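In case you want the letters, here they are:
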Amino acid sequence: MHRITVVGGGFAGLTAAITAAEAGAKVTLYESHHTLGGRARTAEGPYRTNEGPHALYNGGPHWTWLEQRDLIGPLAPVPPLEGSRLRLHLNGALRRIPPLALLKLARRKPELTPVDSDFLTWATAQVGEAGARAAANYTAVALFHHDPGSLSAAFVHERLRRAAKLPPEAHYPRGGWASVIDRMAARAWNMGVRVETLARVDMLPTDTPVIVATSLDAARRLLGDDSLTWDSGRTTLIDLAVRSRRGDAFAVSDLDAPGWIERFTAQDRTLAPRGQQLIQGQIPISPAESKADGVARAEHLLDLGFRGWRERTVWRRESVAHGRTGAVDRPGTTWRDRPAVDRGDGVYLAGDQVAAPGVLSEVSFNSAITAATLALTAAGRRQRTH
């Protein structure tokens, strides 16, 4: 029986562990936290927040993989009335209809979008600068970056198309990501994966192939490899619980600057106590901006879309996510230029900033499948040589 070690019990680590165990390997998974999930954890208690959105996109292979194993579970659909309450902040006011330029760009064929041009330059040539900026800012929901227009046109365009697609690709597991993680953990245990929590790994084992499914920063420290870096976003996150009121927006997308505010209890009432609404905002900030700058912009959007929210607030939390929101590709680069999955000597990387295609969690999934496949091959070679 092949033996494989997985370091990190988030979405990527669990995907890799399940994949290897299904192939017959004896897998040990180490997680430094007391619970599994990584950035896919959902907070316990009355306000079931995630670190960022609760949405799970259905356009990638991870959806099929999860669905085949009955790991997605019940979904919380957005009621049509709530969906009609999406608001767009443009030229200082809220509007219901997206700019025509944004829709035109979303319909462009992706194979014609250049990799080596920045999105703003390319999109301006297609629809004009105002429309290009609005479209770039709209992609903040899937990018968490303060200047999407400066990134590779092909990279941003893919996210624009996915985020603006109808019917929407975004789906909401009832109860947040924790429900998916709990089912994945149960499958891992049922497949015989040995899971050790509160188990910090400071030195990699040498007797088995190892899949390092941590953040890129943690992997860099663990492997002592300074080349393990890649651009990511820096985002102010704001979580609010407010007393319910009719007429609140479902979501507010800022087209004047990157930013997104969403009332997640619009589709899933289990995320907050009865009579309350859970609102989460993500406001990308530049290296020169502070958390307070992001909070101020979030509060402006709240003022516009959630009348009286200050007096209705019963709980609030703010934080900054730095380098924890996935990879972004600069002009002239693609996912293939990110740190490779195969690090040599039987060590493999998985996570949302390594060389794998996809959007958000899809990168973690695709890299985990690749890492598990390579680790199984390496384990087979080791077994044959012994």
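Residues numbered from 1 in each chain as written. Predicted model: local features only at pLDDT ≥ 70, side-chain atom pairs only at ≥ 80, totals over all residues. Heavy atoms only, no water.

1. Section: the overall build of the protein chain
- In terms of regular secondary structure, the protein chain is built from 13 helices and 15 strands.
- Against the globule reference of 21 Å for 386 residues, the protein chain gives a C-alpha radius of gyration of 21 Å, in line with a compact fold.
- Once the C-alpha set of the protein chain is aligned to its principal axes, its extents read approximately 70 × 50 × 35 Å.
- In the protein chain, which comprises 386 residues, the share counted as buried stands at 53%.
- Sequence separation of at least 24 residues holds for 72% of the intrachain contacts in the protein chain that already meet a minimum separation of 6.
- For the protein chain, the exposed surface amounts to about 16600 Å²; the carbon and sulfur share of it is 51%. (Helix = DSSP H or I, 4+ residues; strand = E, 2+ residues; numbered from the N terminus. Rg over C-alpha atoms; globule rule 2.2 N^0.38 Å. Buried < 20%, exposed > 50% of the residue type's maximum accessible area, 1.4 Å probe, protein only. Contact = heavy atoms within 4.5 Å. Areas by Shrake-Rupley, 256 points an atom, 1.4 Å probe, with all protein chains shown as cover.)

2. Comments concerning the sheet that holds strand β7 (residues 194–196)
- Reading across the sheet, the six strands line up as β7-β2-β1-β8-β15-β14 and stay open at both edges, with mixed pairing between neighbours. The outermost strands of the open sheet, each flanked by one partner alone, are β7 and β14 (342–344). Across this sheet, the average inter-strand angle for adjacent strands is 20°, counted without regard to direction.
- Pairing analysis gives three bridges linking strand β1 (residues 3–7) to strand β8 (residues 210–212), with the strands arranged parallel. Its bridge partner being in β8, Val6 is matched across the sheet by Ile211.
- Taken strand by strand, helix α1 (residues 11–22) contacts β1, β2 (26–30) and β8, and its axis lies near 165° from that of β2. (Pairing = 2+ DSSP bridges. Axes fitted to C-alpha atoms, helices over the stretch in contact; angles between N-to-C directions.)

3. Structural notes on the sheet that holds strand β10 (residues 251–254)
- Taken together, the seven strands give an open sheet; going across it, the order is β5-β4-β10-β11-β12-β9-β13, and neighbouring strands pair in mixed fashion. Looking at strand neighbours, the two that pair on one side only are β5 (93–95) and β13 (313–322), the edges of this open sheet. In this sheet, adjacent strand axes meet at a mean angle of 20° when their direction is disregarded.
- By the bridge criterion, three bridges tie β10 to strand β11 (residues 260–263) in an arrangement that is antiparallel. Bridged to Val252 within β11 is Ile261.
- Helix-sheet contacts for helix α6 (residues 129–138) involve β4 (86–90), β10 and β11, and the interaxial angle to β10 is about 130°.

4. A look at the packing of helix α5 (residues 119–127) against α6
- Two elements in contact, α5 and α6, have axes whose closest approach is 7 Å; the angle formed by their N-to-C orientations is 130°. Taken together, the axes of α5 and α6 are oblique relative to one another. Along this stretch, α5 crosses α6, giving a crossing that reads as right-handed. Between α5, through Phe119, Leu120, Ala123, Thr124 and Val127, and α6, the contact on the second element is made entirely by Glu129, Gly131, Ala132, Arg133, Ala135 and Ala136.
- Grouping the amino acids of the contact of α5 with α6 by side-chain chemistry returns seven nonpolar, two polar and two charged. (Parallel < 35°, antiparallel > 145°, perpendicular 65-115°, else oblique. Left-handed = near helix turned anticlockwise from the far one by under 90°. Nonpolar A, V, L, I, M, F, W, Y, C, P; charged D, E, K, R; others polar.)

5. A few points about the domain arrangement of the protein chain
- Structurally, the protein chain comprises domain 1 (3–46 + 175–230 + 332–385) and domain 2 (79–167 + 232–327).
- Inter-centroid distance (C-alpha atoms) of domain 1 to domain 2 is 29 Å.
- In this assembly, 15 residues from domain 1 lie in contact with 20 residues from domain 2.
- Taken together, the two surfaces of domain 1 and domain 2 that pack against each other cover about 1300 Å², and 52% of this comes from carbon and sulfur.
- Contact with domain 2 buries area across many residues of domain 1, yet Pro46, Val359 and Leu360 alone supply 31% of it, more than any other trio. (Domains from an automatic or database assignment. Buried area = accessible area lost by both parts, 1.4 Å probe.)

6. Some thoughts on the nonpolar core
- Judged by nonpolar contacts, the single largest core of 53 residues is most densely connected at Ile4, Val27, Leu66, Met184, Leu204, Ile211 and Val212.
- Other than its neighbours up to four places away in sequence, Leu204 contacts Val7, Val210, Val212, Leu222, Leu223 and Val347.
- In this structure, Phe119, Ala134, Val141 and Ala272 belong to the second largest nonpolar core, which totals 39 residues. (Core = buried A, V, L, I, M, F, W, Y, C linked by side-chain atoms within 4.5 Å.)

7. Here we look at the packing of aromatic side chains
- With the rule as written, the count across this model stands at six aromatic pairs.
- Ring centres of Tyr138 and Trp260 lie 6.3 Å apart, and the angle between their planes is 75°; on these two criteria the pair is classed as edge-to-face. Of this pair, Tyr138 sits in helix α6 while Trp260 sits in strand β11, and the two are 122 residues apart along the sequence.
- Classification of Tyr138 as buried rests on a relative accessible area of 9%.
- Consider the rings of Tyr172 and Phe264, whose centres lie 6.2 Å apart with planes at 65°: the pair is edge-to-face. Taken together, the residues Tyr172 in the loop between β6 (170–171) and α9 (177–190) and Phe264 in the loop between β11 and β12 (276–284) connect sequence positions 92 residues apart. There is no split in this pair, since Tyr172 and Phe264 are both buried. (Phe/Tyr/Trp six-rings, centres within 6.5 Å; stacked < 30°, edge-to-face > 60°.)

8. With respect to helix α4 (residues 100–107)
- Within α4, the full set of buried residues consists of Ala101, Leu102, Leu105 and Ala106. Seen end-on, α4 carries its buried residues on one side only, within an arc spanning 135°. Summarising the geometry of α4, the exposed residues directed more than 90 degrees from the buried face are Leu100 and Arg107.
- Elements that come into contact with the buried residues of α4 comprise α5, α6 and α8 (153–163). (Arc of directions from axis to C-beta.)

9. Some thoughts on empty space enclosed by the protein
- Inspection of the entire model under this criterion finds two cavities of 30 Å³ or more.
- Space inside the largest cavity adds up to approximately 90 Å³.
- Along the wall of the largest cavity there are 14 residues; nearest its centre are Arg159, Thr325, Gly326, Ala327 and Leu360.
- Within the residue set of the lining of the largest cavity, elements represented by two or more residues are α7 (140–143) and α8.
- Looking at the lining of the largest cavity residue by residue, the classes come out as eight nonpolar, three polar and three charged.
- By volume, the second largest cavity amounts to about 30 Å³.
- Lining the second largest cavity are His54, Tyr172, Pro173, Gly176, Phe264, Gln267, Asp268 and Leu271.
- In the lining of the second largest cavity, the residues fall into four nonpolar, three polar and one charged. (1 Å grid on protein atoms, 1.4 Å probe; cavity = no way out; pocket = protein on both sides within 12 Å on 5 of 7 lines; lining within 4 Å. Points joined across faces, edges and corners; volume = space filled by probe spheres on them.)

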